Amino acid sequence: MELQLTEEIRRQVDEAFRRRGRVNIVIAGRSGVGKSTLINAVFHGRIADTGQGRPVTQETREYTKSDVPVSILDTRGLELGAYKQTLSLLEDLVATRGRDADATRHLHCAWLCIGEDSRRVEDGDLEVARMLSRHMPVVVVVTKARNDQGFRAEVERLLPMARNVMRVRALQETDDEGNTLQAKGLVELVELTMELVPEAQRNAFAAAQRVSIEQKRKRAHGIVASAAAAAAAIGATPIPFADAALLVPTQVGMLAGISSVFGMPLTEAFLSTLVSSVATGLGATFSGQAIVSGLLKVIPGAGTLVGALIAASTATALTTLFGEAYIAVLSRLMERRAGEIPLVEDVISAFKEELSLRRASA
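Residues numbered from 1 in each chain as written. Predicted model: local features only at pLDDT ≥ 70, side-chain atom pairs only at ≥ 80, totals over all residues. Heavy atoms only, no water.

Visitor: Can you tell me about the packing of aromatic side chains, naming the residues and giving the values?
Guide: For the structure on display, the rule yields four aromatic pairs. Measuring from centroid to centroid gives 6.1 Å for F43 and F205, while their planes differ by 80°, and the two rings are edge-to-face. Taken together, the residues span a long stretch of sequence, with F43 in the loop between α2 (35–42) and β2 (54–57) and F205 in helix α7 (residues 202–208) at a distance of 162 residues. Each of the two residues, F43 as well as F205, counts as buried. Centre to centre, the rings of Y326 and F351 are 5.0 Å apart; their planes meet at 40°, and the pair counts as tilted. A residue pair is termed long-range when its members are at least 10 positions apart, and Y326 in helix α12 (residues 312–336) and F351 in helix α13 (residues 344–361) qualify at 25 residues. Per residue, the accessibility class of Y326 equals that of F351, and both read buried. Three or more aromatic residues joined by ring pairs make a cluster, and in this case those are F43, W111 and F205. (Phe/Tyr/Trp six-rings, centres within 6.5 Å; stacked < 30°, edge-to-face > 60°. Helix = DSSP H or I, 4+ residues; strand = E, 2+ residues; numbered from the N terminus. Buried < 20%, exposed > 50% of the residue type's maximum accessible area, 1.4 Å probe, protein only.)

Written out as structure tokens, the structure is:
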């Protein structure tokens, strides 16, 4: 059974990677508008600090980080006299990526950054907005938002092709009078972008961004609901307890999926440790049947089914409890760390404790 579980974990890790995919965001704007600051404020891993990025055109670089499922294409040079050439090269790139048979290479949304302190929409901004909007949704991000004075409305008037105009302050600041200005607009930007990227890329975007734990929770709740439905199907014809390990692939896949949308390390080692620690925390041995046996004790009244049958309702309740407990733990730990990915050992410990508490109160 241990070998079978190891193989199942490996399969589910690969499947979680496949289902999550990647999301690709174009970020355009003149130098000095705060693109790097915005990128680092929104996404895990401080992607804009990873060096110069990979050049994909003369004025466009692609930033990636292996453990963050997002690619950022940073377009520069819009303020230069040769911005028309920059735009031509960028449009060729966008069109080529759009024809790629690999959907993970497509470009899914664009943020056009315009600094509020400049109070100007340049010709390059207008041209890039028109061009990008022919290929993908465009959001105008008014950066360094401190004093609107009608600028947002003017941007909306000049750039009607944009899906929305968002005022954002990426970092906490102190003004000249010593007043603290909190970061603003980041959650709203993430929520809007989540609506604009294709459904197939939303788990990747949820995992990559760090400002909205609620968006991670929403995607994770969907994974739990799907797993619960799969468990119900397994139990539609009540199965003998001896065959309870049939539920384990569903449980492992659910754990992998939840881990993926929260941005946890999606590795065999992490998932194996998580599953084995949970089994140990429930007083069970490391086998599929023992995991189910321990978890059944958490479901009120389900302990009487040992040696009898596991019905669809029990399988569904078990799966839901398992998944929702994991979501609660990851949410709590991430909130304590202001959106940063929690340490693996903290997740393992907190998950064992959460299930033990639920078992004790059942």
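From this point on, the discussion continues.
Visitor: Now, about the pattern of salt bridges: what can you tell me, with residues and values included?
Guide: Should the charged atoms of two oppositely charged side chains come close, the side chains can pair. Applying the stated criterion to the full structure yields 22 salt bridges. In this structure, E62 and R97 form a salt bridge, with 3.4 Å as the shortest nitrogen-oxygen distance. Of the two residues, E62 sits in strand β3 (residues 60–65) while R97 sits in helix α3 (residues 83–99), which places them 35 residues apart along the sequence. The pair formed by E62 and R97 is uniform in burial state, with each residue classed as buried. (Salt bridge = Lys/Arg side-chain N within 4 Å of Asp/Glu carboxyl O.)

Visitor: Quick rundown of the environment of L186? Include the residues and the values.
Guide: Structurally, L186 is set in helix α6 (residues 186–196). For L186, a relative accessible area of 10% puts it in the buried group. Here the alpha-carbon distance between L186 and M166, two residues 20 residues apart in the chain, equals 9.0 Å. In contact with L186, other than residues within four places in its own chain, are L38, A41, V42, V168, R169, A170 and V211. (Contact = heavy atoms within 4.5 Å.)

Visitor: Lay out the packing of helix α8 (residues 213–234) against helix α9 (residues 248–262) in plain terms, naming residues and giving numbers.
Guide: Where α8 contacts α9, the axes come no closer than 9 Å and their chain directions differ by 170°. Between α8 and α9, the angle is such that the two are roughly antiparallel. Note on element contacts: α9 touches α8 through T250, M254, G257, I258, V261 and F262, opposite I213, K216, R217, R219, A220, I223, V224, A227, A230, A231 and I234. Within the contact of α8 with α9, the residues separate by chemical class into 12 nonpolar, two polar and three charged. (Axes fitted to C-alpha atoms, helices over the stretch in contact; angles between N-to-C directions. Parallel < 35°, antiparallel > 145°, perpendicular 65-115°, else oblique. Nonpolar A, V, L, I, M, F, W, Y, C, P; charged D, E, K, R; others polar.)

Visitor: Describe the pairing of strand β4 (residues 68–75), naming the residues involved and giving the relevant values.
Guide: Counted residue by residue, β4 has eight buried out of eight residues, so it is predominantly covered. Burial along β4 is two-sided: V68, V70, I72 and D74 and P69, S71, L73 and T75, pointing in opposite directions, are all buried. Here five bridges tie β3 to β4, and the two strands are oriented antiparallel to one another. The residue bridging Y63 from the neighbouring strand is I72, located in β4. (Pairing = 2+ DSSP bridges.)

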